[in-house]
Amino acid sequence: MTDTNDLTTGNVGKKLIRFAMPYLLAAFMQTFYGIADLFVVGIYNDASVTTAVSVGSQVMHMLTVIILGFAMGTTVHVGRCVGAKDKKGATAVVGTSVCFFAVLAVALVMILLAVSNGIANVMHTPKESLEQTVIYLNICFAGIPFIVFYNVISSIFRGAGDSKHPMIFVAIACVVNVVLDFVLIGGLGLGATGAALATIIGQAVSVLISLIAIRRIKLGFSLKLRDIKTDRYTIGKILKVGAPIALQDGMVQIAFIVITIIANSRGLIAAASVGIVEKIIGFMFLVPSAFLSAISAIVAQNMGAGKPERARKSLYYGLAITAFWGLFCGVYSQFLPNTLVGLFTKELPVLAAGCAYLKSYSFDAFFAAFHFCFSGYFCGDRNSMVSFVHNIVAIILVRIPGAYFFSKIWPDSLYPMGWAAPLGSLLSALICVGVYVYQRRTACTRVN
């Protein structure tokens, strides 16, 4: 492991920003090439194909987020081993992860291919788009092993303190995907099939490059063929961290879908407005999401190295940066919401409704900064269950019921409905702060 990748020494703030920025760029590129698929399909195809790709990509995004959640278990435990200078332990985690995720990938392919039609129907896909949606899903489901191993390899690099190479891997996938979009969709007229093939081929090329890289780059430990084996104890450690995150992220995505269904029930203008604002909020959330991952990696390494104070400093720096970003997003959206919503629509009713929704929803970026950073801290300290609990509580008690009741009480405006998300994040933030303070007091009591 190089000094650059060692997160246990040097200025904590600089290390945090240096680690978070490549992750932020990688997340931005992933979001970009997801939008690129829809953009290119929209140029060369009718609405039925565009809808098919939109529905299919939403399903694949949910699966990717869940896989990434499981992979966080690998990131955290590799980080702790690297911080503790435990090369043998890091090798065991990586070898076990390869076996476990290989089995998971095969199981997902078999299960999802069998239920692809059912998934398309559950998503309430229009009849005109149903066939194309199933084709898109089947191709993407068959390529799940590439998605799984890209995320696993990236998690290994991040656990070792290297967030730059995962960014490079995403950039490669992005370029290949966009080029193939124009070749397969525009040149060959393959529609949804072309969009799915472009996505999977891009991921496959990225995995190939990352496999070459992981053999040549010094990460602080070595991995040989004999090290790739299953170990129940290590699998248990990975799942203890990764499973709650995966389940939590899956529930969050389901909550977004439920809120979308609530918006759809209010008519076309509301549905279009909410869909546009969700895209904008997704970009705002890239910053706290990047710092969540950066904090978890730094905390993991420093806890492994016996340096809890540095771990806490990374949390404080992350809170300061992401809270400032969230406040900026909220204030900007109060005065110039049309400059953001107007990027996606010129229809005045949709623009007006979208601006109203964004004004209230945008404050979620501020409150989410707190529970994102705390979630990163708890995950890095192997307490990912805290992250799972606060998210589920917020979803069940505030986000979904709030969106539903606000839409019923104020049916003529999206502004009240937009407050459901930030109020949910506020509850999550309060839970996180409460747990953190309790843990700190308990730790001080034990010392004394």
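**Student:** Residue-level account of the overall build of the protein, with values.
**Tutor:** A tally of regular secondary structure across the protein gives 18 helices and zero strands. Relative to a compact globule of 448 residues, whose C-alpha radius of gyration would be 22 Å, the protein shows 22 Å and is just as compact. Oriented by its inertia axes, the alpha-carbon framework of the protein measures out at about 60 × 50 × 35 Å. By the burial criterion, 52% of the 448 residues in the protein qualify as buried. Residue pairs in contact within the protein that sit at least 24 positions apart in sequence constitute 82% of those at least 6 positions apart. As presented, the protein carries roughly 19,600 Å² of accessible surface, and 69% of it is formed by carbon and sulfur atoms.

**Student:** So what's going on with a nonpolar patch on the surface? Residues and values would help.
**Tutor:** On the surface, a nonpolar cluster with roughly 560 Å² of combined accessible area is contributed by V175, V179, V183, L188, L190, L197 and I201. The set of elements that each furnish at least two residues to the nonpolar patch consists of helix 7 (164–187) and helix 8 (191–216). Sort the elements by how many residues they give to the nonpolar patch and helix 7 lands first, with three residues. Note on placement: V183 falls in helix 7. For V183, a relative accessible area of 41% gives the class partly exposed.

**Student:** Now, about the environment of K313: what can you tell me, with residues and values included?
**Tutor:** Following the sequence through the fold, K313 ends up in helix 12 (residues 308–335). Judged by its relative accessible area of 41%, K313 falls in the partly exposed class. Separated by 297 residues in sequence, K313 and L16 have C-alpha atoms that sit 9.7 Å apart.

**Student:** How would you explain the packing of aromatic side chains if you had to name every residue and give the values?
**Tutor:** In total, this model carries 18 aromatic pairs according to the counting rule given. Centroid distance F285 to F372: 5.5 Å. Interplanar angle 80°. Geometry classified as edge-to-face. Linking F285 in the loop between helix 10 (268–284) and helix 11 (286–304) with F372 in helix 15 (residues 364–380), this pair joins segments that are 87 residues apart in sequence. A residue is classified by how much of its surface remains accessible, and F285, at 14% relative accessible area, is buried. Taken together, a centroid distance of 5.3 Å and an interplanar angle of 70° make the contact between F366 and F367 edge-to-face. For F367, a relative accessible area of 21% translates into the label partly exposed. The rings of Y316, F374, Y377, F378 and Y436 are connected pair by pair, giving a single aromatic cluster.

**Student:** Give a description of the environment of A114 that names residues and reports values.
**Tutor:** The topology assignment puts A114 in helix 3 (residues 87–114). On the basis of relative accessible area, A114 is assigned to the exposed category, the value being 66%. Once the C-alpha coordinates of A114 and A192 are considered, the two residues, 78 residues apart in sequence, prove to be 20 Å apart.

Parameters at a glance
Residues numbered from 1 in each chain as written. Predicted model: local features only at pLDDT ≥ 70, side-chain atom pairs only at ≥ 80, totals over all residues. Heavy atoms only, no water. Helix = DSSP H or I, 4+ residues; strand = E, 2+ residues; numbered from the N terminus. Rg over C-alpha atoms; globule rule 2.2 N^0.38 Å. Buried < 20%, exposed > 50% of the residue type's maximum accessible area, 1.4 Å probe, protein only. Contact = heavy atoms within 4.5 Å. Areas by Shrake-Rupley, 256 points an atom, 1.4 Å probe, with all protein chains shown as cover. Patch = residues over 30% accessible without salt bridge, like charges linked within 9 Å, V, L, I, M, F, W, Y side chains within 5 Å. Salt bridge = Lys/Arg side-chain N within 4 Å of Asp/Glu carboxyl O. Phe/Tyr/Trp six-rings, centres within 6.5 Å; stacked < 30°, edge-to-face > 60°.

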